[in-house]
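Fold and geometry: a report
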Amino acid sequence: GGERYFLAHRDATYEPGTRIEFERIVQVKDAKVVVVSPKEKLTGTTRSTQTLKLLIDLLSEREVRVLVEKDREEGTQNIGRKFNPLRQRIGLLEGRTVLFTLKEGEWTPDLDQQEIKGGASMIRFVRGILGRQSDAVLYGLDPLAVGESWTADPRYLLSLGGQKDRATGSGSMQLEFRGVEKNDGTDCAILVGRVNMTS
């Protein structure tokens, strides 16, 4: 019944020489806020944008170079009669290049303790990307034909708050395999999905 494709493999790894461009943008638009104090109760809204952009180069099976192109958050709050721009946060490692080495099964950054603490979110994302932890969960290990759709568990996605092998929250993701497209000579799957989750 037509050509079928494997979208994921168990224990898959990236080949040395691979370059991964990763960008995560999370926007909160006019979320409701309630502030309660002994004197009053105020309501309002908040909006923010978080951006993390990484360029990851696999130098060898045990060494990876990561350029932190962007790591920041900015936003505003409107509570009661007050309008407050939120302080812009720029990540400690934005603009830096960090070398990761595989030591005892974990990708370890060449950073001091203060930098590790300040770059914890970025480090978690890099480890998750290199570990390819969500591939098999989202795409399954059986071959799929173009046009097939399925339900996956999005709670393992790093971009939605998942950590290592531990799922968080609840929800579901409906995915459809729309086709295959060449990108720099590599076959890439075109997937379209809708996610509904609480995290």
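Every chain is numbered on its own, with residues counted from 1 as its sequence reads. Two thresholds apply to this predicted model, a pLDDT of at least 70 for residue-level local features and 80 or more for giving and counting side-chain atom pairs, whereas whole-chain, interface and lining totals are computed over all residues. No hydrogens and no water enter the side-chain calculation; it runs on all heavy atoms of the structure.

Bringing the overall build of the protein chain into the picture now. Segments assigned H or I by DSSP are reported as helices when at least four residues long, segments assigned E as strands when at least two residues long, and all are numbered from the N terminus. Tallying secondary structure elements over the protein chain gives three helices and eleven strands in all. In the protein chain, the succession of helices and strands from N to C terminus is β-β-β-β-β-β-β-α-α-α-β-β-β-β. Projecting the C-alpha coordinates of the protein chain onto the three principal axes gives extents of approximately 65 × 45 × 30 Å. Contacts in the protein chain between residues at least 24 apart in sequence constitute 53% of all its contacts with a sequence separation of at least 6. Note on areas: Shrake-Rupley, 1.4 Å probe, and residue coverage restricted to the protein chains presented here. Carbon and sulfur atoms provide 45% of the accessible area of the protein chain, an area that totals close to 13200 Å². Side chains of the protein chain carry 30 positive and 29 negative charges; the gap between the two charge centres is 10 Å. The contact rule is simple, with two residues in contact once any of their heavy atoms fall within 4.5 Å. Positive residues here are Lys and Arg, negative ones are Asp and Glu, while His and the chain termini are left out of the count. Throughout, a charge is located at the NZ atom of Lys, the CZ atom of Arg, the CG atom of Asp or the CD atom of Glu.

As a further point, take the packing of aromatic side chains. For Phe, Tyr and Trp, rings pair up if their centres lie within 6.5 Å, where Trp contributes its six-membered ring, and each pair is then called stacked (planes under 30 degrees apart), edge-to-face (over 60) or tilted (otherwise). For the structure shown, the criterion picks out two aromatic pairs. With 5.7 Å between their ring centres and 85° between their planes, tyrosine 5 and phenylalanine 177 make a pair best called edge-to-face. Taken together, the residues tyrosine 5 in strand E1 (residues 4-5) and phenylalanine 177 in strand E10 (residues 170-183) connect sequence positions 172 residues apart. Only when the NZ of Lys or the CZ of Arg is both within 6 Å of the ring centre and within 35 degrees of the ring normal is a charge said to sit over the ring. It is arginine 124 that lies over the ring of phenylalanine 125; its NZ or CZ is 5.1 Å from the centre.

What follows is about the pattern of salt bridges. Salt bridges, as used here, are contacts in which a Lys or Arg side-chain nitrogen is within 4 Å of a carboxyl oxygen on Asp or Glu. For the coordinates displayed, the defined rule picks out eleven salt bridges. The partner of glutamate 148 in a salt bridge is arginine 4, and the shortest N-O contact between them spans 2.8 Å. In this pair, glutamate 148 sits in the loop between strand E8 (144-145) and strand E9 (149-152) while arginine 4 sits in strand E1, placing the two residues 144 residues apart along the sequence. Each residue gets one of three labels from its accessible area relative to the maximum for its type: buried under 20%, exposed over 50%, partly exposed in between, using a 1.4 Å probe on protein chains only. For glutamate 148, a relative accessible area of 26% corresponds to the partly exposed category. The class for arginine 4 is partly exposed, based on a relative accessible area of 44%. In this structure, aspartate 57 engages arginine 19 in a salt bridge whose closest nitrogen and oxygen atoms are separated by 2.8 Å. Separated by 38 residues along the polypeptide, aspartate 57 in strand E3 (residues 41-58) and arginine 19 in strand E2 (residues 19-36) bring together distant segments of the chain. Here the salt bridges do not stand alone but share partners, grouping Arg19, Asp57 and Arg65 into one network.

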